[in-house]
Amino acid sequence: MAHTHMLNIVIFGPPGSGKGTQSEKLLDKFQLKHISTGDLLRAERAAETELGKQANAFICKGELVPDDVVIGMVRNFMVNHSDSKGFIFDGFPRTVNQAIALDSMLDESKTTITCVLGLEVGENELVSRLLLRGLSSSRIDDQDENTIRTRFKEYQNKTLPLQDFYQIQGKYCSIQGTGDLSTIFHSLCACVDKARK
Ligand code: C5P
Ligand code: MG
């Protein structure tokens, strides 16, 4: 089966940069399947699976769940949605190893990443967004400033190197993630359209 026409978007950025919010809008427009690894991990935890229990300790501390666990979960999702027109990867990949695994999983389906959309938001704004979200959601990792700082450190050390990884491939597109939601959305769409040509 030829899947080369698939549209595969990675939405990239630090915690609180709006990946989930903008993913919802992109899904709608482009008819894609959403792979939010954070949501999948939280669902596993709620279902009290072995994987969920394993992941919980890391999530509570704001640390990254080991690569093999997350990669296996994404692989399952992709296998179960192999008829999809494409995917939005939200919160994945978070490490270079995860990015290499993603490339090879897509390659197995004869497809590739179309573009990586990087949302840029300053750290002070991120902290206040996350604390605000923590007030109304049940996410304990949004309720404690120390946990939030740990998540930023993980992002700096393990996730940020992916910017170079994708920039070298000409796939990275940087977008200002502050201001009006629909303005941000239009900038994201412009990057997608450019990458599809
Ligand atoms: O993506 P999200 O911010 O919802 O992730 C919440 C938490 O889930 C992260 O702080 C981390 O503990 C865990 N996670 C992970 N690896 C991923 C995605 C999420 O370890 N690829
Ligand atoms: Mg999210």
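Residues numbered from 1 in each chain as written. Chains lettered and ligands numbered in written order. Predicted model: local features only at pLDDT ≥ 70, side-chain atom pairs only at ≥ 80, totals over all residues. Heavy atoms only, no water.

## Some remarks on empty space enclosed by the protein
1) Next: What the rule picks out here adds up to one cavity of 30 Å³ or more.
2) Next: Approximately 50 Å³ is the volume found for the largest cavity.
3) Next: As for the largest cavity, its lining consists of Val10, Ile11, Phe12, Gly13, Lys19, Gly91, Phe92, Pro93, Arg94, Tyr155 and Thr159.
4) Next: Looking at the lining of the largest cavity, the elements with two or more residues in it are strand S1 (7-12) and helix H7 (145-159).
5) Next: Counting residues per element, the lining of the largest cavity draws most heavily on S1, which supplies three residues. (1 Å grid on protein atoms, 1.4 Å probe; cavity = no way out; pocket = protein on both sides within 12 Å on 5 of 7 lines; lining within 4 Å. Points joined across faces, edges and corners; volume = space filled by probe spheres on them. Helix = DSSP H or I, 4+ residues; strand = E, 2+ residues; numbered from the N terminus.)

## With respect to the sheet that holds strand S3 (residues 86-90)
Pairing between sheet strands relies on hydrogen bonds along the backbone, with the strands arranged either parallel or antiparallel.
1) Next: Judged by pairing direction, the sheet is parallel, and its five strands sit side by side in the order S2-S3-S1-S4-S5 without closing on themselves. Looking at which strands have only one partner, the edges of the open sheet turn out to be strand S2 (33-36) and strand S5 (172-176). Across the sheet, the axes of successive neighbouring strands diverge by a mean angle of 20°, strand direction being ignored.
2) Next: In terms of strand pairing, S1 meets strand S4 (residues 115-120) through four bridges, oriented parallel. Paired with Val10 across the two strands is Val116, which belongs to S4.
3) Next: Against the sheet, helix H2 (residues 37-46) contacts S2 and S3, and its axis sits at roughly 70° relative to S2. (Pairing = 2+ DSSP bridges. Axes fitted to C-alpha atoms, helices over the stretch in contact; angles between N-to-C directions. Contact = heavy atoms within 4.5 Å.)

## Some points on the state of the cysteines
1) Next: Tallied over the full model, the rule gives one disulfide.
2) Next: Each disulfide pairs two cysteine sulfurs, and for Cys173 the partner residue is Cys191, the sulfurs being separated by 2.1 Å. Placement of Cys173 in strand S5 and of Cys191 in helix H9 (residues 181-196) is noted, with a sequence separation of 18 residues between them. The residues Cys173 and Cys191 share a single accessibility class, namely buried.
3) Next: A disulfide-free cysteine, Cys115 has its sulfur positioned 6.9 Å from the sulfur of Cys173, the nearest such atom.
4) Next: We note that Cys189 lacks a disulfide partner, and the nearest cysteine sulfur, in Cys191, lies 9.3 Å from it.
5) Next: The buried category is assigned to Cys189, whose relative accessible area is 5%. (Disulfide = S-S within 2.5 Å. Buried < 20%, exposed > 50% of the residue type's maximum accessible area, 1.4 Å probe, protein only.)

## Describing the side chain of His34
1) Next: Here His34 is to be found in strand S2.
2) Next: Within the local environment of His34, its side chain forms a polar contact with the side chain of Asp90, the two groups lying 2.9 Å apart.
3) Next: Once you skip the residues sitting within four places of it in the chain, His34 turns out to touch Ser23, Glu24, Leu27, Phe77, Ile88 and Asp90. (Polar contact = N/O pair within 3.5 Å; in protein donor to acceptor, adjacent residues only side chain to side chain.)

## Digging into the nonpolar core
1) Next: Counting residues in hydrophobic clusters, the biggest one holds 29 residues, and the most contacted among them are Met78, Phe89, Phe92, Leu102 and Tyr166.
2) Next: The set of elements that each furnish at least two residues to this core consists of S1, helix H3 (50-61), helix H4 (67-80), S3, helix H5 (96-108) and helix H8 (161-168).
3) Next: Per element, the largest residue contribution to this core is seven residues, and it comes from H4.
4) Next: Those residues in contact with Phe89 that sit more than four places away from it in its chain are Asn8, Ile9, Val10, Ile11, Ile35, Val74, Met78, Leu102 and Leu106.
5) Next: In terms of nonpolar packing, the next biggest core, distinct from the first, is built from 19 residues, Ile11, Ile175, Leu188 and Cys189 among them. (Core = buried A, V, L, I, M, F, W, Y, C linked by side-chain atoms within 4.5 Å.)

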